[in-house]
Amino acid sequence: MMPGTHESNRSPTRVLIALGVPLLRMGVAAALETAEDCRVVGTTAGPDEIIPAVERLRPDIVILDTDYHRADTELIPRITGAHPVCRVLVLVNHSDEECVIRSLLSRPDAPRLSPDALDHLNECCLLALRSSARGCAPKVGEPERLVHAIRTVMAGEIAAGPWLDAIMLSSSGERRFSSAGSDRISARELDVITLVAKGLENKEIAEYLGIREQTVKNHLGRVMRKLDLRNRQELAIYAVKQHLVHPG
């Protein structure tokens, strides 16, 4: 393949914009008009419109308002349930640096936080990722950054900004998700890890993700090797320690 032919031969990414503020919706739509590999297929003005729009328009990716996700943590699974190949990118209100601080403070060994502070953690990108979002991008930022996030998500990777490595690194040197090389955990593998930790069997995971059961087994085998784990129980414990799921 000659350089540049991949972009020109591939169909544009179909984008549904689900944002609450009209001016923000217009701004995102205008930003995506400059990207030849993105096409806005629709916008929604409220959370109740999202699932019908997904079912009707069959977008490749939904750009979702973090306020909608915070108000309804089951919204992202419902979006992907309505159109299994659809991916969700959440637009968040805060900076990458705030995300790092909030994530580190949410660790079990961190200082205790007040109820108000814990509630504030709901804005963290990790909560969106735990709900099967493919990534996060700031509401206020350069248009190129949003386009890059969309391309990252469509490539099967997690778009979460430079803070992701900082979140996943442990001060004790414990091995966590690697951002480079063969140890990288893919977005699909992250889905499988999360669902295993929630107690789903391989057949249930396959049905939930819309893939073959053998594919689930293949993902599990690779994850076990990458993380040096021996069984599903160790993987579930790992997921809880990494705050991918809540214990209990």
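Keep in mind the model is a prediction, meaning the values are calculated, not measured.

What follows concerns the sheet that holds strand β2 (residues 38-44). Strand order in the open sheet made by the five strands is β2-β1-β3-β4-β5, with parallel pairing throughout. One side of each edge strand has no neighbouring strand; the edge strands of this open sheet are β2 and β5 (135-138). The mean inter-strand angle of the sheet, taken between neighbouring strand axes irrespective of direction, is 25°. In this structure, strand β1 (residues 13-18) lies alongside β2, joined through six bridges in parallel fashion. Note on β2: the bridge partner recorded for T13 is C38. In the packing of helix α3 (residues 50-57) onto the sheet, the strands contacted are β1, β2 and β3 (61-65), and the crossing angle to β1 comes to about 165°. Running over the sheet, helix α9 (residues 143-154) touches β1, β2, β3, β4 (87-92) and β5 and is turned about 150° from β4.

Moving on to the nonpolar core. Core analysis: the largest hydrophobic core is formed by 22 residues, its most contacted members being I50, V54, V62, L64, L75, I79 and V90. Looking at this core, the elements with two or more residues in it are β1, α3, β3, α5 (75-82) and β4. When residues of this core are assigned to their parent elements, the largest contribution, five residues, is made by α3. Those residues in contact with L64 that lie beyond four places of it in its chain are A18, L19, I50, H69, L75, I76, I79, V88, L89, V90 and L91. Judged by nonpolar contacts, the second largest core, of 20 residues, contains L19, L24, A29 and L91.

What counts, and at which threshold
Each residue is numbered by its place in its chain's sequence as written, counting from 1. Side-chain atom pairs in this predicted model are given and counted only at pLDDT of 80 or more, local residue features only at pLDDT of at least 70, and totals for whole chains, interfaces and linings cover all residues. To obtain the side-chain values, all non-hydrogen atoms of the structure were used and water was disregarded. Criterion used throughout: strands pair if DSSP finds at least two bridges between them. In DSSP terms, a helix is any run of H or I states spanning at least four residues, a strand is any run of E spanning at least two, and both are numbered starting from the N terminus. In this description, a line fitted to the C-alpha atoms serves as the axis of each element, helices being fitted only across the stretch in contact, and the angle between N-to-C directions of two axes falls anywhere from 0 to 180 degrees. Contact between two residues is taken to exist if any of their heavy atoms lie within 4.5 Å; hydrogens are not considered. Definition used in this section: a nonpolar core is a set of buried Ala, Val, Leu, Ile, Met, Phe, Trp, Tyr and Cys residues joined via side-chain atoms within 4.5 Å. Only protein chains enter the area calculation, which uses a 1.4 Å probe; residues under 20% of their type maximum are buried, those over 50% are exposed, and those in between are partly exposed.

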